[in-house]
Amino acid sequence: MLQAIAGAVDTPVYVYDGDAFDERIERLQAALTDVDHLICYALKANDSLAMISIAAHAGLGADVVSSGELLKALRGGILPADVVFSGVGKRRDEIAMAIEVGVQSLNVESAQELDVVAEEADAQRTVARVGVRLNPDVSADTHEYIATGSSAAKFGVPPQEAYELLVRAQREPNLEPVSLSFHIGSQIFDPSTIFEAAERAEGVWRDVRAAGVELREFDVGGGLGVPYMGAEEFDLSAYVSQLGKLTAELGATLVLEPGRWLVAPVGTLLTRVLYTKDVPGRRIAICDAGMTELLRPALYGAEHPFSFLTDTAGRQTGLVDLVGPVCEASDFLGKDRQLPLPEPGDLIAIGFAGAYARVMASQYNARPPVPEVLAEAGGWRVIRERAIIDSLLDTERA
Ligand code: LLP
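To start, this report covers the structure provided alongside it. (Residues numbered from 1 in each chain as written. Predicted model: local features only at pLDDT ≥ 70, side-chain atom pairs only at ≥ 80, totals over all residues. Heavy atoms only, no water.)

### Things to note about the sheet that holds strand 7 (residues 175-181)
Then comes step 1: With respect to topology, eight strands assemble into a closed barrel ordered 2-3-4-5-6-7-8-9, the strand pairing being parallel. Between one strand and the next, the sheet's axes are offset by a mean angle of 30°, whatever the strand orientation.
Then comes step 2: Here three bridges tie strand 2 (residues 37-42) to strand 3 (residues 61-64), and the two strands are oriented parallel to one another. Within strand 3, the position partnered with Y41 by the bridge is A62.
Then comes step 3: Strand contacts of helix 9 (residues 236-250): strand 8 (217-219) and strand 9 (253-256), with the helix running at about 140° to strand 9, the strand carrying the most contacts. (Pairing = 2+ DSSP bridges. Helix = DSSP H or I, 4+ residues; strand = E, 2+ residues; numbered from the N terminus. Axes fitted to C-alpha atoms, helices over the stretch in contact; angles between N-to-C directions. Contact = heavy atoms within 4.5 Å.)

### What to know about a negative patch on the surface
Then comes step 1: The grouping of D17, D19, E23 and E26 at the surface amounts to a negative patch.
Then comes step 2: For the negative patch, the leading source of residues is helix 2 (residues 18-31), giving three residues. (Patch = residues over 30% accessible without salt bridge, like charges linked within 9 Å, V, L, I, M, F, W, Y side chains within 5 Å. Areas by Shrake-Rupley, 256 points an atom, 1.4 Å probe, with all protein chains shown as cover. Salt bridge = Lys/Arg side-chain N within 4 Å of Asp/Glu carboxyl O. Lys, Arg positive; Asp, Glu negative; His and termini not counted. Charge placed at Lys NZ, Arg CZ, Asp CG, Glu CD.)

### Comments concerning the packing of helix 5 (residues 92-101) against helix 6 (residues 111-123)
A packed helix pair is summarised by two numbers, namely the angle formed by the two axes and the spacing between the axes.
Then comes step 1: One way to put it is that helix 5 packs onto helix 6 with a least axis distance of 9 Å and a crossing angle of 50°. Judged by the inter-axis angle, helix 5 sits oblique to helix 6. Our pair here, helix 5 against helix 6, has a crossing hand that is right-handed. Facing helix 5, whose interface residues are R92, I95, A96 and I99, helix 6 presents E113, V116, V117, E119, E120 and A121. (Parallel < 35°, antiparallel > 145°, perpendicular 65-115°, else oblique. Left-handed = near helix turned anticlockwise from the far one by under 90°.)

### Regarding the pattern of salt bridges
Pairing is possible between side chains of opposite charge, provided their charged atoms come close.
Then comes step 1: Under the criterion given, the structure shown has 23 salt bridges.
Then comes step 2: Note that R91 and D93 form a salt bridge whose closest N and O atoms lie 2.9 Å from each other.
Then comes step 3: Between E196 and R200 there is a salt bridge, with its nearest N and O atoms 3.6 Å apart. Note that E196 and R200 are positioned in helix 8 (residues 192-210) at a spacing of four residues, about one turn of the helix.

### Quick look at the packing of helix 8 against helix 9
Then comes step 1: Between helix 8 and helix 9, the shortest axis-to-axis distance is 11 Å and the interhelical angle comes to 5°. Here helix 9 runs roughly parallel to helix 8, going by the angle between their axes. Residues I194, F195, A198, E202, W205, R206 and R209 of helix 8 lie in contact with helix 9, whose contacting residues are A238, Y239, Q242, L243, L246, E249 and L250.
Then comes step 2: When grouped by side-chain class, the residues that make up the contact of helix 8 with helix 9 number nine nonpolar, one polar and four charged. (Nonpolar A, V, L, I, M, F, W, Y, C, P; charged D, E, K, R; others polar.)

### With respect to the nonpolar core
Then comes step 1: Core analysis: the largest hydrophobic core is formed by 106 residues, its most contacted members being F21, L106, V117, F182, F218 and Y239.
Then comes step 2: Tallying contributions element by element places helix 8 first for this core, with eight residues.
Then comes step 3: A domain-level breakdown of this core finds at least three residues from each of domain 1 (2-12 + 265-382) and domain 2 (18-263).
Then comes step 4: Other than its neighbours up to four places away in sequence, Y239 contacts P191, I194, F195, V220, G221, L224, F234 and L256. (Core = buried A, V, L, I, M, F, W, Y, C linked by side-chain atoms within 4.5 Å. Buried < 20%, exposed > 50% of the residue type's maximum accessible area, 1.4 Å probe, protein only. Domains from an automatic or database assignment.)

### Some points on the packing of aromatic side chains
Then comes step 1: Counted according to the given criterion, the structure contains six aromatic pairs.
Then comes step 2: Judged by centre distance (6.2 Å) and plane angle (80°), the ring pair of F182 and F218 falls under edge-to-face. With F182 in the loop between strand 7 and helix 8 and F218 in strand 8, the pair connects residues that are 36 residues apart, well separated along the chain.
Then comes step 3: Given the relative accessible area of 2%, F182 is considered buried.
Then comes step 4: Residue classification places F218 among the buried residues on the basis of a relative accessible area of 1%.
Then comes step 5: Here the aromatic cluster, defined as three or more aromatic residues joined through ring pairs, consists of F182, W205 and F218.
Then comes step 6: A cation over a ring is seen here: R24 above W261, with NZ or CZ 4.0 Å from the ring centre.
Then comes step 7: In this structure, K335 is placed above the aromatic ring of F332, and the distance from its NZ or CZ to the ring centre is 4.5 Å. (Phe/Tyr/Trp six-rings, centres within 6.5 Å; stacked < 30°, edge-to-face > 60°. Lys NZ or Arg CZ within 6 Å of the ring centre and 35° of its normal.)

Structure below.
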């Protein structure tokens, strides 16, 4: 089917397997059957409307970090009462919108932000449900750009301040404290750092309860890792049983905000090789997709699996750099890979491109956004048209 899609829609194109997305949602839900929980799909991983509607149909809530994501969540069919609004820098208008639509919880990350929420709730003569994001000061074992839980990070507030903000929220007439959250990073395999963070959160939870604040949601963020190149799978059952036990003890709803785990494996980026060059020790294959469609290799040195969809029988294998057409040396899709030596015209599927791929795309080099396709129930359809080049000029004035 991927060849047919590339033929019909042209490359580059992202293709998502909707059935596989559904299956992963069901797998996570099944692991949580005995736990009082709410799964808030982290829209930032993949905010395509068609994917949001699949999540909404499966009964998921959403974790959003901007008014744009909030709008998309609602448009995709997710109920406001199932939305948590995270993010370290929400603007006043975004906070006002979240209060107006009635999100489940606005998770604040500073005393100043709590002031703005109180002011906006007051202006709307309503009560805003709030949470506080704890900075638990634990270092997740992941790339430094996606580790968020250390005390030097910009995210969350330390335990004492989390306590004070929740107690203060309880006193404010326009605020209702409902949640304590943390998120220590992304692409994590060893859940022990998440458990450590949960223990610190448990301390804050018990302290605020002693001060008369009855929270409802214990929000452990996202972060579940996926095996881009290896075989290591995130141990869902250990994760769920430990956190489920803790939240049952606290009488809390366990809120999870997974993004990558749900969508990364269900997406593929299709690209064609335009030209090849042989340089000492390797072949460089210049593709029609690059850092503008998949930034992760350039930004984090991330590795994604490649498979050839054209016949490579009888070809020699060798060291290959797969690069994009963008005028940057950092524009690569993968380096130093042992692959069949690519030829112009080869169609290559880049795996695990369902999360943090299209959402991080840019128009650098005036490259228009590429289309997205949803494959489902044996068929497929375009869920985002290829932007025509003229659209790049729509909002410009010469
Ligand atoms: N909740 C919060 C508050 C977050 O900041 C994030 C991700 C998530 C949930 C979802 O995390 P996940 O389950 O997807 O790990 N662009 C990077 C990943 C950045 C993640 C940022 N926050 C990448 O491509 O690896």
